[in-house]
Number of protein chains: 2
Amino acid sequence: MTYCIGILLDEGLVFLSDSRTNAGMDQINTFRKMTFWDVPADRVLVLLTAGNLAIGQGIVNVLKAKISPDKSAPHLLNVTSLFDAATLVGEAVREVHHRDAESLKEFGVEFNPTLILGGQIAGESPRLFTIYSAGNFIEATRDTPYFQIGEAKYGKPILDRVIRSGVGLDEAAKCALISMDSTIRSNLSVGLPLDLLYYRKDALQVQQHVSIDQHNLYFEMIRSRWGEQLRRVFQELPNPQW
Amino acid sequence: MTYCIGILLDEGLVFLSDSRTNAGMDQINTFRKMTFWDVPADRVLVLLTAGNLAIGQGIVNVLKAKISPDKSAPHLLNVTSLFDAATLVGEAVREVHHRDAESLKEFGVEFNPTLILGGQIAGESPRLFTIYSAGNFIEATRDTPYFQIGEAKYGKPILDRVIRSGVGLDEAAKCALISMDSTIRSNLSVGLPLDLLYYRKDALQVQQHVSIDQHNLYFEMIRSRWGEQLRRVFQELPNPQW
């Protein structure tokens, strides 16, 4: 499995993904789930993938293969809206489905990719989409400013309590890291290193892309202090007296 | 769906279950998922069920139908160990599977019950089991002192951080309620009222069985203060500076 988060804020976008893939218990590997395209002054696109790794890589490769300065056909670097970019991702999902789903089914492998696409194209505001296995997709709004894919449940409560559109980029990144920490603690199939990417509205280039491994001091601080503080708050709440 | 927790402590046992069942989005009902048998000075058995409601009720009814003072066949009130009681629950699961699984499959309904059985029978220590759809089961130990069934993921992180065998009954109940609150906030298919049951080791009768609805002051306090404190702790952690 994997766990990825995309958050749409008034200030911009935050993306976080883990890098663990597993086929059963003994074939555990590290593969990045985050791909981004950064054309300064024109566009930033960030794609996160969850589900079967071969399918995810297939989708990314279909998208990359279409990018060419010669072609007039739409691709990720010439479309004029994030909506059109999400449509391209949906089409790539369907192309890989058409190619692989039948064969995978014969081996009992489900065609189950889900993706998050976010970013900004010059002329638009930042936007965030999640794309389903059928190639259809939905867009984040101020009411629902974040998407998760993969092992989403362990880390959802803290996002539900903290994330609002008005939250700052740094704070949203902190919340995403806590959400990731809760997930890693409760689920073996999600693991370090992490990819964290910040995008500040209208910058039209990636602000910050950090790879977080077990030696990252900030993440280590989050891990230990969050757990400690949680236990302290827990102790401070009165016990029930029925 | 549903969400139930059973916790085995040095001091005894704590059980918590919700009561929401849903068939799709528009057929939402309230059914208790907790059944208990309390024979003072002899035994306390508590059974929690998750999965398809008809299957869960079927299993409970098979178990109840077998209880009779006349019969020499083993039933929940005459077996001499919790292990034997778990075996009976597993057999009841298999009986319902034999009766219903084929017909359910024709309608695309999965046979998916999971159960938690805990309690104490005179002569033994308190024990806690979880029983799977195949009728097999495992027992909680000091290393893994709790089981969850149903929508378990949202509420798992706080249990992982707090629950140890040495935790007191009240504290464990508080933790279970916070875990339930996180689940209810993030998942529509889990809802009030809750059944909370305390069992103190060697009491051989139920200590406390509380039904918690939206007017319960303690749960209301937990809901508001836990969220508040969590946000405060979150604010106090420094933001990342990369």
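Thresholds, definitions, all that
Residues numbered from 1 in each chain as written. Chains lettered and ligands numbered in written order. Predicted model: local features only at pLDDT ≥ 70, side-chain atom pairs only at ≥ 80, totals over all residues. Heavy atoms only, no water. Helix = DSSP H or I, 4+ residues; strand = E, 2+ residues; numbered from the N terminus. Expected span 1.5 Å × (residues − 1). Buried < 20%, exposed > 50% of the residue type's maximum accessible area, 1.4 Å probe, protein only. Contact = heavy atoms within 4.5 Å. Pairing = 2+ DSSP bridges. Axes fitted to C-alpha atoms, helices over the stretch in contact; angles between N-to-C directions. pLDDT = per-residue confidence, 0-100. Left-handed = near helix turned anticlockwise from the far one by under 90°. Nonpolar A, V, L, I, M, F, W, Y, C, P; charged D, E, K, R; others polar. Buried area = accessible area lost by both parts, 1.4 Å probe. Salt bridge = Lys/Arg side-chain N within 4 Å of Asp/Glu carboxyl O.

> Give me helix 2 (residues 82-106) of chain B: which residues, what numbers.
Owing to its 3.6 residues per turn, the α-helix brings residues three or four apart onto one side. Residue and element names in this part refer to chain B. Helix length check: helix 2 (25 residues) gives 35 Å between terminal C-alpha atoms against 36 Å at 1.5 Å per residue, within 8%. Within helix 2 the residues assigned to the buried category are Leu-82, Ala-85, Ala-86, Leu-88, Val-89, Gly-90, Ala-92, Val-93, Val-96, Ala-101 and Leu-104. Considering only its buried residues, helix 2 is in contact with strand 6 (43-50), helix 1 (53-66), strand 7 (114-121), strand 8 (127-131) and strand 9 (137-139). At the C-terminal side of helix 2, Gly-108 shows a positive phi close to 70°.

> Talk me through the sheet that holds strand 11 (residues 194-200) of chain A; I want residue IDs and the actual numbers.
Residue and element names in this part refer to chain A. Pairing is antiparallel across the open sheet formed by five strands, whose spatial order is 10-1-2-11-12. The open sheet terminates on both sides in strands that have one partner only, identified here as strand 10 (146-150) and strand 12 (208-212). Along the sheet, successive strands turn relative to each other by an average axial angle of 10°, direction set aside. Across five bridges, strand 1 (residues 3-8) lies against strand 2 (residues 12-17) in antiparallel orientation. In the sheet register, Ile-7 faces strand 2, and the bridge partner there is Val-14. Contacts from helix 4 (residues 169-186) reach strand 1, strand 2, strand 11 and strand 12, with the element oriented near 160° to strand 11.

> Can you explain the confidence of the model for chain A? Please cite residues and give values.
Summary statistics for chain A give a mean pLDDT of 92 and a share of 98% for residues scoring 70 or more. Reported confidences for the modelled complex are a pTM of 0.87 and an ipTM of 0.83.

> Break down the packing of helix 5 (residues 217-236) of chain A against helix 5 (residues 217-236) of chain B for me, citing the residues and quoting the values.
With their axes 10 Å apart at the nearest point, helix 5 of chain A and helix 5 of chain B run at an angle of 145° to one another. Between helix 5 of chain A and helix 5 of chain B lies a crossing of right-handed hand. Between helix 5 of chain A and helix 5 of chain B, the residues in contact are Arg225(A), Trp226(A), Gln229(A), Leu230(A), Arg232(A), Val233(A), Phe234(A) and Glu236(A) and Arg225(B), Trp226(B), Gln229(B), Leu230(B), Arg232(B), Val233(B), Phe234(B) and Glu236(B), respectively. Its residues placed into classes, the contact of helix 5 of chain A with helix 5 of chain B shows eight nonpolar, two polar and six charged.

> Talk me through the interface of chain B and chain A; I want residue IDs and the actual numbers.
Each side of the interface is counted separately: chain B has 46 residues, and chain A has 46 residues. Roughly 4400 Å² is buried in total at the junction of chain B and chain A, and carbon and sulfur atoms are behind 63% of that figure. At the boundary of chain B and chain A, one finds four salt bridges. Of the charged contacts, one joins Arg161(B) and Asp181(A) as a salt bridge, the two residues approaching to 3.4 Å between their closest N and O atoms.

> Provide a residue-level description of the sheet that holds strand 6 of chain B, including the pertinent values.
All names here are of chain B. Taken together, five strands build an open sheet; the order of strands is 5-6-7-8-9 and the sheet is antiparallel. Each edge of the sheet is formed by a strand with only one pairing partner; in this case those strands are strand 5 (34-39) and strand 9. Pairs of neighbouring strands in the sheet enclose a mean axial angle of 15°, with direction left out of account. In this sheet, strand 6 lies alongside strand 5 in antiparallel orientation, the contact comprising six bridges. Bridge pairing in strand 6 links Trp-37 to Leu-45. Along the sheet face, helix 1 touches strand 5, strand 6 and strand 7 and points at about 155° away from the line of strand 6. Each of strand 6, strand 7, strand 8 and strand 9 touches helix 2; the most contacted strand, strand 7, lies at about 150° to it.

> Outline the pairing of strand 8 (residues 127-131) of chain A, listing residues and values.
All names here are of chain A. The buried fraction of strand 8 is high, at five of five residues. Neither face of strand 8 is open: one carries Arg-127, Phe-129 and Ile-131, the other Leu-128 and Thr-130, and all of them are buried. As paired elements, strand 7 (residues 114-121) and strand 8 share five bridges and run antiparallel to each other. Opposite Ile-116, over in strand 8, you have Thr-130 as the bridge partner.

> Account for the pattern of salt bridges, with residues named and values stated.
All names here are of chain B. Counted according to the given criterion, the structure contains 30 salt bridges over all chains. Among the ionic pairs, Asp-181 bridges to Arg-185, the shortest N-O distance being 3.2 Å. Here Asp-181 and its partner Arg-185 are both found in helix 4 (residues 169-186), four residues apart, which amounts to about one turn of the helix. In this structure Arg-185 comes out as partly exposed when scored by relative accessible area, which is 43%.

> Before we move on, could you go through the side chain of Thr35(B) and cite the residues and values that matter?
All names here are of chain B. Its place among the elements puts Thr-35 in strand 5. Residue class for Thr-35 comes out buried when judged on its relative accessible area of 16%. Beyond its immediate chain neighbours, meaning those up to four positions away, Thr-35 contacts Leu-45, Val-46, Leu-47, Val-60 and Lys-64.

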